[in-house]
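Here's the letter readout for the chains.
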Protein chains: 4
Amino acid sequence: MLKEEQKRTGIKLLWGTANLFSNPRFVHGAGTSCNADVFAFAAAQIKQAMEVTHELGGEGYTFWGGREGYMTLLNTDMKRELDHFAKLLHLAVAYKKQIGFKGQFYIEPKPKEPTKHQYDYDAAACLNFLREYDLLPHFKLNIETNHATLAGHTMQHELEVASAANALGSIDANTGDELLGWDTDQFPTNIYLTTYTMLAILKYGGLTTGGVNFDAKVRRESFEPVDLFYAHIGGMDAFARGLKIAAAIRKDGRLADFVKQRYASWDSGIGAKIESGKASLKEIEAYILKKGEVTPNTSGRQEFLENLINEFI
Amino acid sequence: MLKEEQKRTGIKLLWGTANLFSNPRFVHGAGTSCNADVFAFAAAQIKQAMEVTHELGGEGYTFWGGREGYMTLLNTDMKRELDHFAKLLHLAVAYKKQIGFKGQFYIEPKPKEPTKHQYDYDAAACLNFLREYDLLPHFKLNIETNHATLAGHTMQHELEVASAANALGSIDANTGDELLGWDTDQFPTNIYLTTYTMLAILKYGGLTTGGVNFDAKVRRESFEPVDLFYAHIGGMDAFARGLKIAAAIRKDGRLADFVKQRYASWDSGIGAKIESGKASLKEIEAYILKKGEVTPNTSGRQEFLENLINEFI
Amino acid sequence: MLKEEQKRTGIKLLWGTANLFSNPRFVHGAGTSCNADVFAFAAAQIKQAMEVTHELGGEGYTFWGGREGYMTLLNTDMKRELDHFAKLLHLAVAYKKQIGFKGQFYIEPKPKEPTKHQYDYDAAACLNFLREYDLLPHFKLNIETNHATLAGHTMQHELEVASAANALGSIDANTGDELLGWDTDQFPTNIYLTTYTMLAILKYGGLTTGGVNFDAKVRRESFEPVDLFYAHIGGMDAFARGLKIAAAIRKDGRLADFVKQRYASWDSGIGAKIESGKASLKEIEAYILKKGEVTPNTSGRQEFLENLINEFI
Amino acid sequence: MLKEEQKRTGIKLLWGTANLFSNPRFVHGAGTSCNADVFAFAAAQIKQAMEVTHELGGEGYTFWGGREGYMTLLNTDMKRELDHFAKLLHLAVAYKKQIGFKGQFYIEPKPKEPTKHQYDYDAAACLNFLREYDLLPHFKLNIETNHATLAGHTMQHELEVASAANALGSIDANTGDELLGWDTDQFPTNIYLTTYTMLAILKYGGLTTGGVNFDAKVRRESFEPVDLFYAHIGGMDAFARGLKIAAAIRKDGRLADFVKQRYASWDSGIGAKIESGKASLKEIEAYILKKGEVTPNTSGRQEFLENLINEFI
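A quick note: this is a predicted structure, and the numbers were derived from the prediction, not measured.

What counts, and where the lines are drawn
- Residues numbered from 1 in each chain as written.
- Chains lettered and ligands numbered in written order.
- Predicted model: local features only at pLDDT ≥ 70, side-chain atom pairs only at ≥ 80, totals over all residues.
- Heavy atoms only, no water.
- Contact = heavy atoms within 4.5 Å.
- Buried area = accessible area lost by both parts, 1.4 Å probe.
- Salt bridge = Lys/Arg side-chain N within 4 Å of Asp/Glu carboxyl O.
- Polar contact = N/O pair within 3.5 Å; in protein donor to acceptor, adjacent residues only side chain to side chain.
- Nonpolar A, V, L, I, M, F, W, Y, C, P; charged D, E, K, R; others polar.
- Least-squares fit on C-alpha atoms with pLDDT ≥ 70 in both.
- Patch = residues over 30% accessible without salt bridge, like charges linked within 9 Å, V, L, I, M, F, W, Y side chains within 5 Å.
- Areas by Shrake-Rupley, 256 points an atom, 1.4 Å probe, with all protein chains shown as cover.
- Helix = DSSP H or I, 4+ residues; strand = E, 2+ residues; numbered from the N terminus.
- Axes fitted to C-alpha atoms, helices over the stretch in contact; angles between N-to-C directions.
- Parallel < 35°, antiparallel > 145°, perpendicular 65-115°, else oblique.
- Pairing = 2+ DSSP bridges.
- Buried < 20%, exposed > 50% of the residue type's maximum accessible area, 1.4 Å probe, protein only.
- pLDDT = per-residue confidence, 0-100.
- Core = buried A, V, L, I, M, F, W, Y, C linked by side-chain atoms within 4.5 Å.
- Phe/Tyr/Trp six-rings, centres within 6.5 Å; stacked < 30°, edge-to-face > 60°.
- Lys NZ or Arg CZ within 6 Å of the ring centre and 35° of its normal.
- Right-handed = clockwise from strand over helix to strand, strands pointing away.
- Disulfide = S-S within 2.5 Å.
- Arc of directions from axis to C-beta.

### Details of the interface of chain A and chain B
Listed as interface residues are 92 residues of chain A and, on the opposing side, 92 residues of chain B. Overall, the association of chain A and chain B removes approximately 8,000 Å² of surface from exposure, summing both partners, and the carbon and sulfur fraction of that is 62%. Among the residues of chain A in contact with chain B, A:L74, A:Y263 and A:L281 are the three that bury the most area, contributing 10% of the side total. Measuring nitrogen to oxygen at the nearest pair gives 2.5 Å for the salt bridge that ties A:E285 to B:K47. Viewed at the interface, chain B and chain A are joined by 47 residue pairs in polar contact (both at pLDDT 80 or more). Its residues assigned to classes, the side of chain A that touches chain B shows 42 nonpolar, 28 polar and 22 charged.

What follows is the structure in structure tokens.
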């Protein structure tokens, strides 16, 4: 039925996923459950969801660790649970190859809630896990604003961390409230946020496989149908404005030039030598002993740069 | 002079380090400075501090990223800074070999302060960095309670993450105030904290290279010499009690047995097959289709386990 | 039926309340709803709940502001909402007199969740509201540990603030997780927490009207009946130990003596004169000009006092 | 000398204050010190600072409770300290009358740092204190953005709380970083913040006695003189834009109309009767029993209102 509707409307599938957290069987996790049968159940669900996604021409598949974490370390064998989770992802990688599914795999950082600690805490924790278990070639990250701030980071930070590892895959654009400690999943309306998000995405050449997804909901108090309209339009407009502003900042060039110039000492002389790996510790010491004291001659110019951004808001 | 004093007193050196954050030259970082000369200055300091540590028979050397991070992403090339930091550590690794220094290298997770973001945010971020740059074989982590909680984690969590990667090296035992958002560096007096810390350390066979270090200070209001006495005695007593309690809990055995039993389904049958990598996604699906619905038959028993700990407090 | 059961078992009613937050009609609040009819509905519920409480011999009545707050200030007339809430409480005070109900009225501080901001944020906010609207003579506070920490305070702090205003009424003993930003409502098992709670309660002569109430739930993962047993026993034991420890600390006397001695300069001389209101600013100036520089001669001894508490844990 | 400079330049004095926190004598507080002589010293400083302020034609005087709080409740008699602090303020009120100083008195909410808890925690805590000690007629609040967020509130919230009590006096416009837990005192550049601030100020008729003060500093990394220029210009521009946007929103009228309309049920019928105090609980019950179930017929429209604000950004 979904396939027919896709044909009729021309709408394509961004990515598929399996819900491995709502059913009570997943109370102790899915891939990280202490119960091997629960793991097996989750694995079977993933297999079928991957097949459906493949059939519908999905461009990706997301593993969302909704309950992959712990409530208390007292009852938890963290290492064993992480081994199992990696095993599950490797099984999916193997099956993907088997059925010829070419879509991108994603995992999504989230620090907590409903668990006390989710193993996919933030981008760095996800990357560490993927590297440890040789999964990084097969996965990219799906970054969510609200999860970023719950982990103590800005969205921009998480995008940079993912991009620096060549692992930025997709975005959940729902935002949170920095003064609240739970996942509010609000529609994004802050122009600074959308500008910084688009600056990061454009800087790394855009999202090549994923998209910008509203995993958001209207407030509980916004219970009329028209609120869905206001929410989606508002969110899309905010991102459209962010994109235009980011493009204008990039065209202007001053921001990127400032950053490039700030590291100019690395482009030649001792800097270039160090970067290229041609200077030993001994040579570097000799260089600096000859040169003497070093003073940082330039300010970080944070206030100037914040004003520059405001020129474009 | 230090060497003579060591000879006279028999006191040994746990680890050496270089201060790469107090001098204004490090205002933009040391190994991650935008200024290549500042990097060179830091490298030279490290070289000399390593030589001194080696000369004094130090059992380790700690790289503390006091200003390795950023104040604003607007002026920061995060990837280039991290490349430089990795370069600095590789230079140290090479020099260590050269001079025959056998001590353990440490880095210490810290999420923020004075910077908005420290690259060594938490244990997972450090491990991710060490893995990315092939530095993990050469480094272990020095975990600090106060930094753990500032990053949103319990000390116990950070110890588990480090230990699971075989990278727990040493401990800064100073604690913080979970309701305050800065590094208070208080002496540890909470028996739960010291018990959980010792449980984690004993579980992984103890600290093999490092130690338990008070990187703590008395409160500003505790300005009399006797306060130093109360603080150190109190901290040591707290750790001594934590060690005794942890040892008693381990001797009792119920806690470890509970955790082992909780994962029993992984020790045979489908669990063992999955763990050993002998089950494909297809076989797992067949198994669970035959078995049918899975219900998690056992509670997580958090309340029981918390009571069990209280038996020993 | 309840009355008959009370007679049969001898169990008495601590306090009654009305649920003014679960039904969708209260989506914008009850006493603070923008809809006057919703206020009227809530008022009628309160009237009937008070009658039932009176009939059952209840010793108090609690107004829990489950949704009395706002989701966004953009749509909120805070002053008008607070006026309405005060009106509701005054109506209840008048009706209480009318029906001869002698029980104590309580309100319960809570900072947020489900709303972005609850008007009963913390003890100070509640007291400010009660004072502004001349309600303080009629109300005491029901303090909850979890709400205290969500507002950035220790439980001990909230108990002190309430007690200093002679408004400590009752306690919800459920605790939270200081690293999580939502209301976890866990059973209390931390002996430090129960000790500090009991120290505060004993210091002010005990709870005269209320009690210690477990508004707690077992963890979602603790779904077996026996978990309820472990949770309640563990919580009661923790409070029993806290009470014994607090009593021992009071019998020992050193803690109270230390505090008394710390303020000794206020018991005579210029201190006593200032406290009694007999010194003008001019006289105080003359005193200090004659005396000259003042140095705080005593440390705050925080480390000593923390050790002292540990002697009794 | 200051007076001559004032004459020469025409610059007037907004307010005066005394520094009662930097000198080590104030380690345990000033008005709340455990040492009566320290209180006397502080009182004398205040007397002289008031005289100077009066002499220079100051329009106000600010009491900043830089260390009026506690580091640990273990050594603190909170009630006695608050009594002393109130005494100090009453002494100042009396002396103000004596010397004929007509300026406005201010206190400034701040939740913590350097202390664990400052007594002037937030606007509500300050108002509660002022009400308890009959000081409210003599004081207004000086609200700081950074202190608002450290206390878990938005700036807009604190402005509303102060204004609702007719106690909004002045503003410290320095902002913080919502992801950091200490006082960063940054210059304000966020247009949303300045818009919301100006909306609140205009709504209550503007600041009648105080002003908008930059108690801000450039970042430590912004150490060149020109950074001071960028910072001040950026902050002023941000407030100018916020003022223009707020004025446009007010002229447009939709926001205020929406809020007014939302409470329309209180302007007539049962709502008006309740507001005017003419309805008893019994009558209200009769009304609602006749009316039956109430459904909240209107959404809170948060998304619509956020979009509306964005129209003007």
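Still more ground to cover, so stick around.
### Some points on the interface of chain D and chain B
The interface of chain D with chain B comprises 17 residues on the first partner and 17 residues on the second. When chain D packs against chain B, the two sides together hide about 1,700 Å² of surface, and 60% of this comes from carbon and sulfur. Per-residue buried area on chain D facing chain B is highest for D:K116, D:W182 and D:E221; these three make up 34% of the total on that side. For the pair chain D and chain B, the interface holds 4 salt bridges. For B:K116, the salt bridge identified is with D:D177, shortest N-O distance 2.7 Å.

### Observations regarding the relation of the copies chain D and chain B
Here chain D sits on chain B after a turn of 180 degrees about the axis and a move of 0.0 Å along it, with an RMSD of 0.0 Å. With respect to symmetry, the two chain copies, as superposed, fit the operation of a two-fold axis. Among all residues of chain D, the minimum C-alpha distance to the rotation axis is found for D:G181, at 1.9 Å.

### Describing a nonpolar patch on the surface
A cluster of nonpolar side chains, contributed by B:V226, B:F229, B:I233 and B:M236, occupies part of the molecular surface with about 340 Å² of accessible area. Positionally, B:V226 belongs in helix 8 (residues 225-252).

### Some thoughts on the packing of helix 6 (residues 155-164) of chain B against helix 7 (residues 191-203) of chain B
All names here are of chain B. At a minimum axis separation of 9 Å, helix 6 and helix 7 run at an interaxial angle of 10 degrees. With respect to their mutual orientation, helix 6 and helix 7 come out roughly parallel. Side by side, helix 6 and helix 7 meet where M155, Q156, L159 and E160 of the first sit next to L193, Y196, T197, A200 and K203 of the second. Its residues placed into classes, the contact of helix 6 with helix 7 shows 5 nonpolar, 2 polar and 2 charged.

### A word on the relation of the copies chain A and chain B
Of the two same-sequence chains, chain A is brought onto chain B (RMSD 0.0 Å, axial shift 0.0 Å) by a rotation of 180 degrees. A shared binding surface is used by both copies, with 100% of the interface residues of chain A retained as interface residues in chain B.

### What about the environment of D:E221?
Along the chain, D:E221 falls in the loop between strand 8 (212-213) and helix 8 (225-252). When neighbours within four sequence positions are excluded, D:E221 is seen to be in contact with A:S299, A:G300, B:V27, B:H28, B:R67 and B:M71.

### Digging into the environment of C:G253
Along the chain, C:G253 turns up in the loop between helix 8 (225-252) and helix 9 (254-262). In this structure, the C-alpha to C-alpha distance between C:G253 and C:L73, residues 180 residues apart in sequence, is 49 Å.

### Some points on the sheet that holds strand 4 (residues 104-107) of chain C
Residue and element names in this part refer to chain C. Spatially, 6 strands are ordered 1-2-4-6-7-8 in an open sheet, and the strand pairing comes out parallel. Sheet topology places strand 1 (16-17) and strand 8 (212-213) at the edges, where each strand pairs with a single neighbour. The pairing of strand 6 (residues 139-144) with strand 7 (residues 168-172) spans 4 bridges and is classified as parallel. Residue pairing in the sheet places N142 in a bridge with S170 of strand 7.

### Some thoughts on the side chain of A:N35
Within the secondary structure layout, A:N35 lies in the loop between strand 1 (16-17) and helix 2 (36-55). For A:N35, a relative accessible area of 13% gives the class buried. Discounting chain neighbours no more than four positions away, the residues touching A:N35 are B:S265, B:W266, B:V294, B:T295, B:P296 and B:N297.

### Observations concerning unusual backbone geometry
Residue and element names in this part refer to chain A. In this chain, E113 is followed by P114 through a cis amide linkage whose omega measures 5 degrees. Despite not being glycine, E113 shows a phi value in the positive range, around 75 degrees. By the secondary structure assignment, E113 is in the loop between strand 4 (104-107) and strand 5 (117-118). For E113, a relative accessible area of 18% puts it in the buried group. Of note in the backbone geometry, D185 takes a positive phi value of approximately 50 degrees without being a glycine.

### Examining the confidence of the model for chain A
Here chain A shows a mean pLDDT of 97. Residues at 70 or above account for 100%. Across the assembled chains, the prediction reports ipTM 0.97 with pTM 0.97.

### Things to note about the nonpolar core
Where a protein is soluble and globular, its nonpolar side chains tend to be buried together. Judged by nonpolar contacts, the single largest core of 339 residues is most densely connected at A:L141, B:L141, C:L141 and D:L141. With residues near it in sequence (within four places) discarded, D:L141 still touches D:Y106, D:I107, D:P109, D:A123, D:C126, D:L127, D:L130, D:A162, D:A167, D:L168, D:G169 and D:S170.

### Concerning the pattern of salt bridges
Scanning the entire structure with this criterion turns up 80 salt bridges over all chains. Notably, a salt bridge pairs A:E275 with B:R80, separated by 2.8 Å at the nearest N-O pair. Of the two residues, A:E275 sits in helix 10 (residues 269-275) while B:R80 sits in helix 3 (residues 78-99), which places them in two different chains.

### Describing the side chain of A:E285
In this fold, A:E285 is placed in helix 11 (residues 281-291). Residues contacting A:E285, with those up to four places away along its chain left out, are B:A44, B:K47 and B:Q48.

### Topic: the packing of aromatic side chains
The full count for this structure, using the stated rule, is 58 aromatic pairs over all chains. For the ring pair A:F63 and A:F105, a centre distance of 5.0 Å and an interplane angle of 80 degrees mean the geometry is edge-to-face. With A:F63 in strand 2 (residues 60-63) and A:F105 in strand 4, this pair connects stretches of sequence that are 42 residues apart. Take A:F63 and A:F105: they sit in the same class, and that class is buried. Clustering of aromatic rings is evident, with ring pairs tying together A:Y61, A:F63, A:F105 and A:F139. Above the face of the A:F41 ring, A:R25 is positioned so that its terminal group lies 3.7 Å from the ring centre. Across from the ring centre of D:F105, 4.6 Å away, lies the NZ or CZ of D:K96, which sits over that ring.

### Focus: the pairing of strand 7 (residues 168-172) of chain B
All names here are of chain B. The element strand 7 is largely enclosed, with a buried count of 5 among its 5 residues. The sheet contact formed by strand 7 and strand 8 (residues 212-213) spans 2 bridges and is parallel. In the strand pairing of strand 8, D172 is matched with N213. Assessed by its sense of winding, the connection that carries the chain from strand 7 through helix 7 to strand 8 is right-handed.

### Quick notes on the sheet that holds strand 1 of chain A
Residues and elements named next belong to chain A. The strand order across the open sheet built from 6 strands is 1-2-4-6-7-8, with neighbouring strands paired in parallel fashion. Unpaired on one side and paired on the other, strand 1 and strand 8 (212-213) mark the two borders of the sheet. Looking at chain direction, strand 2 and strand 4 are connected through 4 bridges and run parallel. Bridge pairing links F63 to I107 in strand 4. Across the sheet, helix 4 (residues 123-132) touches strand 4 and strand 6 (139-144), and the angle it forms with strand 6 is around 165 degrees.

### Describing the state of the cysteines
Scanning all chains against the criterion turns up 0 disulfides over all chains. No disulfide involves C:C126; its nearest neighbouring cysteine sulfur is the one of D:C126, lying 16 Å away. Look at C:C126 and you get buried, because its relative accessible area is 0%.

### Thoughts on helix 9 (residues 254-262) of chain D
Among the residues of helix 9 of chain D, those classed as buried are D:L255, D:F258, D:V259 and D:R262. In an axial view of helix 9 of chain D, the angular spread of the buried residues amounts to 95 degrees, which keeps them on one side of the axis. Of the exposed residues in helix 9 of chain D, the ones pointing more than 90 degrees away from its buried face are D:A256, D:D257, D:K260 and D:Q261. Buried-residue contacts for helix 9 of chain D involve helix 3 (78-99) of chain C together with helix 7 (191-203), helix 8 and helix 12 (302-312) of chain D.

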